Amino acid sequence: MQTKCGGFTWVGRSLAVATGALLAGGLIAPAAAAQSGPAGSNTCKSERTISSEVKDFGSINPTEIHVATNQKGDAYLNDSRNPGVWVNLDGIAGTPSCVVHSSVGVDESPEDVYVTLLDKTGAAYEAVCRLTATPFDASNLVAACGTGFAPVPGTPV
């Protein structure tokens, strides 16, 4: 026989209290806890993104530049002149950790590639990399990107 307490059985009331406590804990947990994984870890969780830009300024062989992110928050660059080679952007000075989005643009004169990365805090960083006749790869990307990534002032996110 179960004892009634205020219209609920003892079991029902205990379940309601436990469920309420669980929901309250979930609602008041800081947002960072959802991004950081288990207590004490600093795991980055990101969506996979990709952005592309084509440099074709009258050339017969246009060059496509791709920038992609993975679910761990790493960013990679691919130059279509070097098929299948994705260069981790971590080697470039100032690359943010936990990249959640990327964009890429190309300028005609001088031929520069603008890589913009958005980190999990909402800060944007940009690097300008000089496009030459040599395809980007791990051996030349750092030099091509000069001073590396710098924060974009006044990022509104």
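Owing to the predicted nature of the structure, the values given are computational and were not obtained by experimental measurement. (Residues numbered from 1 in each chain as written. Predicted model: local features only at pLDDT ≥ 70, side-chain atom pairs only at ≥ 80, totals over all residues. Heavy atoms only, no water.)

Peer 1: I would appreciate a short explanation of the overall build of the chain in the present structure.
Peer 2: Counting secondary structure elements, the chain contains 3 helices and 10 strands. Its helices and strands taken in sequence order, the chain reads β-β-α-α-β-β-β-β-β-β-β-α-β from the N to the C terminus. In the chain, which comprises 157 residues, the proportion classed as buried is 31%. Within the chain, contacts between residues at least 6 apart in sequence are counted, and of these 41% link residues at least 24 apart. Accessible area of the chain: about 9600 Å², with a carbon and sulfur share of 60%. (Helix = DSSP H or I, 4+ residues; strand = E, 2+ residues; numbered from the N terminus. Buried < 20%, exposed > 50% of the residue type's maximum accessible area, 1.4 Å probe, protein only. Contact = heavy atoms within 4.5 Å. Areas by Shrake-Rupley, 256 points an atom, 1.4 Å probe, with all protein chains shown as cover.)

Peer 1: How should unusual backbone geometry be read in this particular structure?
Peer 2: In this model, Cys 98 sits at a positive phi of 55 degrees, which is unusual for a non-glycine residue. Checked against the element boundaries, Cys 98 lands in the loop between strand E6 (86-88) and strand E7 (99-107). Given a relative accessible area of 8%, Cys 98 falls into the buried group.

Peer 1: Would you mind showing me how to read the pairing of strand E5 (residues 75-79) here?
Peer 2: Regular strands show a simple pattern: their side chains alternate between the two faces of the sheet. Among the 5 residues in E5, 4 count as buried, and that is most of the element. Counting the residues in the hairpin turn of strand E4 (residues 63-69) and E5 gives 5 residues, including Gly 73, whose phi is positive at 90 degrees. Summarising the sheet, E5 and E6 pair through 3 bridges and their orientation is antiparallel. Bridge pairing in E6 links Asn 78 to Trp 86. (Pairing = 2+ DSSP bridges.)

Peer 1: How do you make sense of the sheet that holds strand E8 (residues 112-119) when you look at a structure like this?
Peer 2: In spatial order, the strands read E7-E8-E9-E10; together these 4 strands make up an open sheet with antiparallel pairing. The outermost strands of the open sheet, each flanked by one partner alone, are E7 and strand E10 (150-151). Bridge count between E8 and strand E9 (residues 124-130): 7 bridges; the pairing is antiparallel. Directly across from Asp 112, in E9, lies its bridge partner Arg 130.

Peer 1: Can you walk me through the nonpolar core in this structure?
Peer 2: Taken as a class, soluble globular proteins show a tendency for nonpolar side chains to be buried jointly. Leu 89, Val 113, Val 115 and Phe 136 are the most contacted members of the largest nonpolar core, which has 22 residues in total. Among the secondary structure elements, those contributing two or more residues to this core are E4, E5, E7, E8, E9 and helix H3 (141-144). (Core = buried A, V, L, I, M, F, W, Y, C linked by side-chain atoms within 4.5 Å.)

Peer 1: Help me out: how do you make sense of the confidence of the model for the chain in this one?
Peer 2: Confidence in the prediction of the chain, expressed as mean pLDDT, is 77, and 71% of residues score 70 or more. In this model residues 2-6 is a low-confidence stretch, pLDDT under 50, and it forms 7 contacts with partners more than four residues away in sequence or in other chains. (pLDDT = per-residue confidence, 0-100.)

Peer 1: Where do I start with the environment of Thr 43 in this structure?
Peer 2: By secondary structure assignment, the location of Thr 43 is in the loop between helix H2 (31-36) and strand E3 (49-55). The partly exposed category is assigned to Thr 43, whose relative accessible area is 35%. In the structure, Thr 43 is positioned 55 residues away from Cys 98 in sequence and 8.6 Å away in space, judged by C-alpha atoms.

Peer 1: I would appreciate a short explanation of the state of the cysteines in the present structure.
Peer 2: Disulfide: a covalent bond connecting the sulfur atoms of a pair of cysteines. Counted according to the given criterion, the structure contains 2 disulfides. Note on cysteine connectivity: Cys 44 is disulfide-linked to Cys 98, with sulfurs 1.9 Å apart. Looking down the S-S bond of the Cys 44 and Cys 98 bridge, the torsion is 75 degrees, so its handedness is right-handed. Highlighted residues: Cys 44 in the loop between H2 and E3 and Cys 98 in the loop between E6 and E7, separated in sequence by 54 residues. Shown here is the disulfide that connects Cys 129 with Cys 145, its sulfur atoms set 1.9 Å apart. Its torsion about the S-S bond being 100 degrees, the disulfide of Cys 129 and Cys 145 is classed as right-handed. (Disulfide = S-S within 2.5 Å.)

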